[in-house]
Amino acid sequence: MRVPPRLEQRFVKVVLWSMTAITVFVLLFIVAYILRRGLPVLSLSFLTENPHEMGRTGGIFSTIVGTLALTAMALAVATPLGVGTAIFLNEYTWESRVTRIIRFGADCLAGIPSIIFGLFGFILFVIKMGFGWSILSGGLTLAFMILPTIIRTSEEALRSVPRSYREVSLSLGSTKWQMVTRVILPSALPGIVTGVILSVGRSIGETAAVIFTAGSALRLPTSLFSSSRTMSVHFYILAREGISMPNAYGTAAVLVLSILLVNIVTYRLMHRFIRKYS
Amino acid sequence: MTGLDRKENFIRAVLLLTAFSAVSVLAVITVFIFAEGTPIMFRRGVGGFLFGLNWYPGEGRFGLLPMIVGSLEVTLGALLIGVPFALACAVVLTEFSSPRLRNILKPVIELLAGIPSVVYGFIGVVVLVPFIRETFGGPGFSVLAASIVLGIMILPTVISISIDALQALPPSYREGALAMGATRWQTVRMVLLPSARSGIVASIILGMGRAVGETMAVIMIAGNAAAVPRTPLDPVRTLTSNIALEMSYASGEHREALFATGVILFVIIMVLNTLANASSSRRARGKRG
Amino acid sequence: MTGIRVREVSHYFGPVRVLKNINLAVEKNEILGVIGPAGSGKSTFLRSLNRLNDLVQGSRTEGMIEVDGRDITRPGTSLVELRRRLGMVFAVPVPLPRSIYENLAFGPRLAGVRGKEKLDALVRYGLEQTALWIEVKDRLHQSALKLSGGQQQRLCIARVLTLKPDYILLDEPTSGLDPVSTMKIEDSLRILKKDYTIILVTNNTKQAARVSDRTAFFLAGELVEIGPTERIFTAPADRRTEDYISGRFG
């Protein structure tokens, strides 16, 4: 017997809508679960005190500093490289085999699992170059991880700048570099910043690549060569070794909130940017 | 040549150098992983690595088959669980929901893509593992638990890219089918999904890459026993966990064997990347034509 | 030797030849109108004079283009200097997303002009020549994007004037404007003629008839005919010119 199309559609709709509801529920449940148990733990002293007894007591201050230091290091390396790559691809060369190779390389890099980055960073930076477990090793490893994101988003931002701006700038007697710095980068800035912030989110949340390169020392880092524990690594260790569940939840809540904040800022920026040029 | 021209040429040269940063990093990583990982494979026989059942690094036995099977099972499980929900979500949000709801839900889902994997793993430990243990028996740390958590983790990726693929279809496809008296669902099933196939396939392959490569979440919930699981309730160890679990104390041949694990993982990921790339470039060509 | 001499110029985009053996001269302080249907190569011609075609992949010029006695098709030509001397105005007004003042000061700043007084004077000069000064003098620091379409295009002309170029190239400058704005721009051109040499590409034959001293007619990449405007419009030598200006095609 053939089911009438209208009836079939009604049935399918019910199924699809319930699946959607389940999906959205599960994703929101995860955030809500963490926040419900983590928010009560949060206090000013939790944020401003260093961890004591492996994190059983005290706050998470040194891990916040570690996270920020590692992220800053990664951005300081990856942003010039990524934006420079995008500028070269978009403004200084024609489409060719070379640009295809560069883009393919970036795409491949984007797909490499973080544990491979961790393995690589461990051997190259920690062991062979002798940086040890340090902010330097971890930051460089993270920089390589976020490089493709920055290239990709910067390229999109540059591409959305109207071609006529380039013609006007050049026709008024600018060099190519003046055109890039005075006309194109200012117009593409919100898009580029979006990519950078997106990478911040990724750096904050990363664990596998960081634990093998930056180590897990709980002390407050004092130099680029200090080993340092990030919030994600701290959370992982607290939870996996069962050191302190309340502190694990608290750390997770800070982690989730900061990433949500970062992503919301990105989203806002992106939308303003899109509206401006379409 | 004027001073300005010299400056321009210098800038161009610097930019050209930076442009090769990503490719160079990729090359260096590849060389390192292979240089560290392949010698032991050839010394002890590639077959032993790929098909050996026993992983006893202390005794010099490095069979990776349980981990290879583990990674594949867990990934397959994640796709079986995640993809139907993700596609349902994508179809509902593009075809059946009001634009208002879509404009709220799509960003919400994309925001969740940023939740760190350790958080997913943790939820798995405190909610899912006990549930499985009490409902189905066994230790709870299992293929099933890992598949479910990975299935959830790939949702945002698959949903977001599938929505893009569906929205990129020209409105005329939709209007044409509806004008011929098809219901919305018939339009989706017979016109839209087939037309957006390559974009959807690319989204699934990307999700697959994420599942294969995920490490910390899997370590927390999979149980990590280095044996081929017989049922979905048995614990399992993946290639990624194998590296992460033992890296901190491995040395000598043991460390080399972990790099060999990295080599296999690397090859799997590269194959997936190439597939995704081919699939999405076919989509780009299709759009132009 | 002054003016522009174009000798046997052909232009290619990849394998496609869009200009075929063009020969013409532009004299000092004249307005040369360039007319022809869409796709006749008139814009490409204009852009080959300041080498803006270089922005297109696979672009290549054969022949010789002399500007004040120097062949600008040669490699090693300073494009920055060339483009400063041949100011260009585009079909669609493109104010940069910054203030009116900053739009006008953009070119001089690139050229290294410093000091508020000098910049102020250049900005004022440009705006006065295009009759914009009275309209915008009280809001120089507002965004240029807020001006009307006609004002934006006059701003673009003013922006070119602040460079004190020798030549002004206009690429269908009034194609998107209403008749009143068009008239204002045509008035400006007549005034500017005293100090500048102007090449006006237009898809509006009547505009060429109104403002240009001589007119060139392009068709399918060839220069069909060039001569005093009055003769071109009253007694064209070529049948195709006559067909075009009488509106039989194009």
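Residues numbered from 1 in each chain as written. Chains lettered and ligands numbered in written order. Predicted model: local features only at pLDDT ≥ 70, side-chain atom pairs only at ≥ 80, totals over all residues. Heavy atoms only, no water.

A few words on the domain arrangement of chain A. All names here are of chain A. Segmentation of chain A into domains returns domain 1 (5–41) and domain 2 (44–277). If you average the C-alpha positions of domain 1 and of domain 2, the two centres end up 31 Å apart. Each partner contributes residues to the interface: domain 1 has 8 residues there, and domain 2 has 10 residues. Both sides together, the interface formed by domain 1 and domain 2 hides about 710 Å², and carbon and sulfur atoms give 87% of it. By the criterion of area lost to domain 2, the three top residues of domain 1 are Ile-34, Leu-35 and Val-41, representing 59% of everything that side buries. Linking domain 1 with domain 2 are 0 salt bridges, by the criterion used here. Linking domain 1 with domain 2 are 0 residue pairs in polar contact (both at pLDDT 80 or more), by the criterion used here. Looking at the side of domain 1 that touches domain 2 residue by residue, the class counts come to 6 nonpolar, 1 polar and 1 charged. (Domains from an automatic or database assignment. Contact = heavy atoms within 4.5 Å. Buried area = accessible area lost by both parts, 1.4 Å probe. Salt bridge = Lys/Arg side-chain N within 4 Å of Asp/Glu carboxyl O. Polar contact = N/O pair within 3.5 Å; in protein donor to acceptor, adjacent residues only side chain to side chain. Nonpolar A, V, L, I, M, F, W, Y, C, P; charged D, E, K, R; others polar.)

What follows is about the pattern of salt bridges. Overall, the coordinates contain 38 salt bridges over all chains when judged by the stated rule. Linking Arg85(C) and Asp166(C) is a salt bridge whose minimum nitrogen-to-oxygen distance equals 3.2 Å. Placement of the pair is Arg85(C) in helix H2 (residues 79–85) and Asp166(C) in the loop between helix H6 (149–161) and strand E7 (167–171), with a sequence separation of 81 residues. Across the pair Arg239(C) and Asp243(C) runs a salt bridge, and its minimum N-O distance is 3.4 Å. Here the residue Arg239(C) and the residue Asp243(C) both occupy positions in helix H10 (residues 239–245), the gap between them amounting to 4 residues, near one helical turn. Given the relative accessible area of 16%, Asp243(C) is considered buried. Ionic contacts of the salt-bridge type, sharing partners, join the residues Glu95(A), Arg103(A), Glu155(A) and Arg159(A) into one network. (Helix = DSSP H or I, 4+ residues; strand = E, 2+ residues; numbered from the N terminus. Buried < 20%, exposed > 50% of the residue type's maximum accessible area, 1.4 Å probe, protein only.)

A separate point is the sheet that holds strand E5 (residues 70–71) of chain C. Residues and elements named next belong to chain C. If you trace the 4 strands from one edge of the open sheet to the other, you get E2-E1-E4-E5, paired in antiparallel fashion. The open sheet has two edge strands with one neighbour each: strand E2 (16–26) and E5. Sheet topology places strand E4 (residues 59–67) next to E5; 2 bridges connect them, and they run antiparallel. Counted as the bridge partner of Val-67 is Arg-70 from E5. (Pairing = 2+ DSSP bridges.)

Residue and element names in this part refer to chain C. One open sheet accounts for 6 strands, arranged E6-E7-E8-E3-E9-E10; its pairing is mixed. At either margin of the open sheet sits one strand with a lone partner, and together these are strand E6 (86–89) and strand E10 (222–228). Strand after strand, the sheet turns through a mean of 15° between neighbouring axes, direction not considered. Summarising the sheet, E7 and strand E8 (residues 197–201) pair through 5 bridges and their orientation is parallel. Looking across to E8, one finds that Asp-171 is bridged to Val-201. Across the sheet, helix H7 (residues 179–192) touches strand E3 (31–35), E7 and E8, and the angle it forms with E8 is around 150°. (Axes fitted to C-alpha atoms, helices over the stretch in contact; angles between N-to-C directions.)

Attention shifts here to the interface of chain B and chain A. Taken together, the contact pairs 75 residues of chain B with 74 residues of chain A. Counting the surface lost from both chain B and chain A, the interface buries some 7,000 Å², and carbon and sulfur atoms represent 82% of this. Inspection of the region where chain B meets chain A yields 2 salt bridges. Across the pair Glu8(A) and Arg189(B) runs a salt bridge, and its minimum N-O distance is 3.7 Å. There are 11 residue pairs in polar contact (both at pLDDT 80 or more) connecting chain B and chain A. Class assignment of the residues belonging to the side of chain B that touches chain A gives a composition of 54 nonpolar, 14 polar and 7 charged.

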